[in-house]
Amino acid sequence: MKELNVVSSKVTVNYGSASRLLHPMHTVLVSCMGKSGKPNISTVAWAMPTSQKPPLVAISLAPERHSHSLIEESKEFIINIPTIEQLQSVMACGTFSGRSFDKFKKTNLTPIPGKSVKAPAILECLAHIECTVEDQIQTGDHTIFVGKIVEAYADLGMFTDSYDVKRAHMVYHGGGNNFYTLDTKNYKP
């Protein structure tokens with residue numbers, strides 16, 4: 001059998017950039033509110049399901065982010081699913097600090113009452129996952145907040161068993177200031 005020299009055709013990726021090999025990542029807007037009653041929004045690309053029974057999801061935030069302290073304080077958050085039409089708001093929520101700006105006002109996003117948590121959901125987003133914090137794990141320079149799903153809802157016609165991606169136009173972060181949407185062709189094995 002002939003031995004292939006495959007390794008020579010691969011390019012080394014810096015360890016600091018290696019996590020970008022997992023991109024593009026689904027980009028979400030995490031809304032939260034501390035005891036002061038002032039809501040905040042963070043743009044997060046590091047979000048994922050972690051369990052179906054019980055239903056758990058996780059988000060990863062740097063401790064210096066304002067939302068980090070609000071979630072630690074309130075023990076709840078909402079994952080809101082934006083569309084590409086909200087890309088400017090997605091960028092603003094990831095760029096400006098909620099310590100200095102009211103991100104709802106700055107981005108013209110509309111807060112709506114959460115169904116089971118005190119934090120507001122974002123009207124313009126197409127789906128929402130309300131969570132209470134089940135666990136908090138420090139991992140290097142980020143904290144993973146594991147949230148138990150207590151409510152989940154979506155815009156009428158956008159989600160049944162999966163998203164209608166021809167209509168949903170969800171946002172995926174490719175690293176840096178690069179964002180994408182899904183190819184609408186359904187590929188099945």
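Preceding this section is the structure that the text describes.
Rules behind the numbers
Residues numbered from 1 in each chain as written. Predicted model: local features only at pLDDT ≥ 70, side-chain atom pairs only at ≥ 80, totals over all residues. Heavy atoms only, no water. Helix = DSSP H or I, 4+ residues; strand = E, 2+ residues; numbered from the N terminus. Rg over C-alpha atoms; globule rule 2.2 N^0.38 Å. Buried < 20%, exposed > 50% of the residue type's maximum accessible area, 1.4 Å probe, protein only. Contact = heavy atoms within 4.5 Å. Areas by Shrake-Rupley, 256 points an atom, 1.4 Å probe, with all protein chains shown as cover. Lys, Arg positive; Asp, Glu negative; His and termini not counted. Charge placed at Lys NZ, Arg CZ, Asp CG, Glu CD. Core = buried A, V, L, I, M, F, W, Y, C linked by side-chain atoms within 4.5 Å. Arc of directions from axis to C-beta. Pairing = 2+ DSSP bridges. Axes fitted to C-alpha atoms, helices over the stretch in contact; angles between N-to-C directions. Phe/Tyr/Trp six-rings, centres within 6.5 Å; stacked < 30°, edge-to-face > 60°. Lys NZ or Arg CZ within 6 Å of the ring centre and 35° of its normal.

1. Some thoughts on the overall build of the protein
The helix and strand inventory of the protein stands at four helices and twelve strands. The C-alpha radius of gyration of the protein comes to 18 Å, within 12% of the 16 Å expected for a compact globule of 189 residues. Counting only C-alpha atoms, the protein reaches 65 × 40 × 35 Å along its principal axes. Buried positions account for 39% of the 189 residues belonging to the protein. Excluding contacts between residues fewer than 6 apart, the proportion of contacts in the protein whose partners are at least 24 apart in sequence is 59%. As displayed, the protein offers around 11400 Å² of accessible surface, 55% of which is attributable to carbon and sulfur atoms. Side-chain charges of the protein comprise 19 positive and 17 negative groups, with the mean position of each set lying 3 Å from the other.

2. Thoughts on the nonpolar core
Counting residues in hydrophobic clusters, the biggest one holds 21 residues, and the most contacted among them are V30, I59, I71, F77, I79, I81 and F145. At the level of elements, β2 (28-33), β5 (56-61), α1 (66-74), β6 (76-81) and β9 (127-139) are the ones that each hand at least two residues to this core. Those residues in contact with F145 that lie beyond four places of it in its chain are V57, A58, I59, L61, H68, I71, E72, F77, V133, D135 and Q136.

3. Concerning helix α2 (residues 87-95)
Because each turn of an α-helix spans 3.6 residues, side chains separated by three or four positions end up pointing in the same direction. Of all the positions in α2, only S89, V90, A92 and C93 are classed as buried. Looking down the long axis of α2, one finds its buried residues gathered within 165° of arc, a one-sided arrangement. Exposed residues lying more than 90 degrees from the buried face of α2 are Q88 and T95. Along its buried surface, α2 packs onto β2, β3 (39-44), α3 (103-107) and β12 (178-180).

4. Looking at the sheet that holds β12
A sheet is described by the order of its strands in space; here three strands give the open sequence β1-β11-β12, paired in antiparallel fashion. Single-partner strands in this sheet number two, and they are β1 (25-26) and β12. Inspection of the sheet shows β1 paired to strand β11 (residues 172-175) by two bridges, in the antiparallel sense. Within β11, the position partnered with M25 by the bridge is H173.

5. Thoughts on the sheet that holds strand β4 (residues 47-51)
Read across the open sheet, the seven strands follow the order β3-β2-β6-β9-β10-β5-β4; overall the sheet is antiparallel. Of all the strands in the sheet, the pair left with one neighbour each is β3 and β4. Across the sheet, the mean angle separating the axes of adjacent strands is 35° when strand polarity is ignored. Where β9 lies against strand β10 (residues 142-154), twelve bridges are found, and the strand directions are antiparallel.

6. Notes on the packing of aromatic side chains
Applying the stated criterion across every chain, the model contains two aromatic pairs. An angle of 70° between the planes, with centres 5.2 Å apart, marks the rings of F159 and Y163 as edge-to-face. The exposure class assigned to Y163 is partly exposed, which follows from its relative accessible area of 22%. For the cation-ring pair, K185 lies above Y187, with the distance from its terminal atom to the ring centre recorded as 4.7 Å.

Bear in mind that shape data such as this cannot, by itself, settle questions of function.
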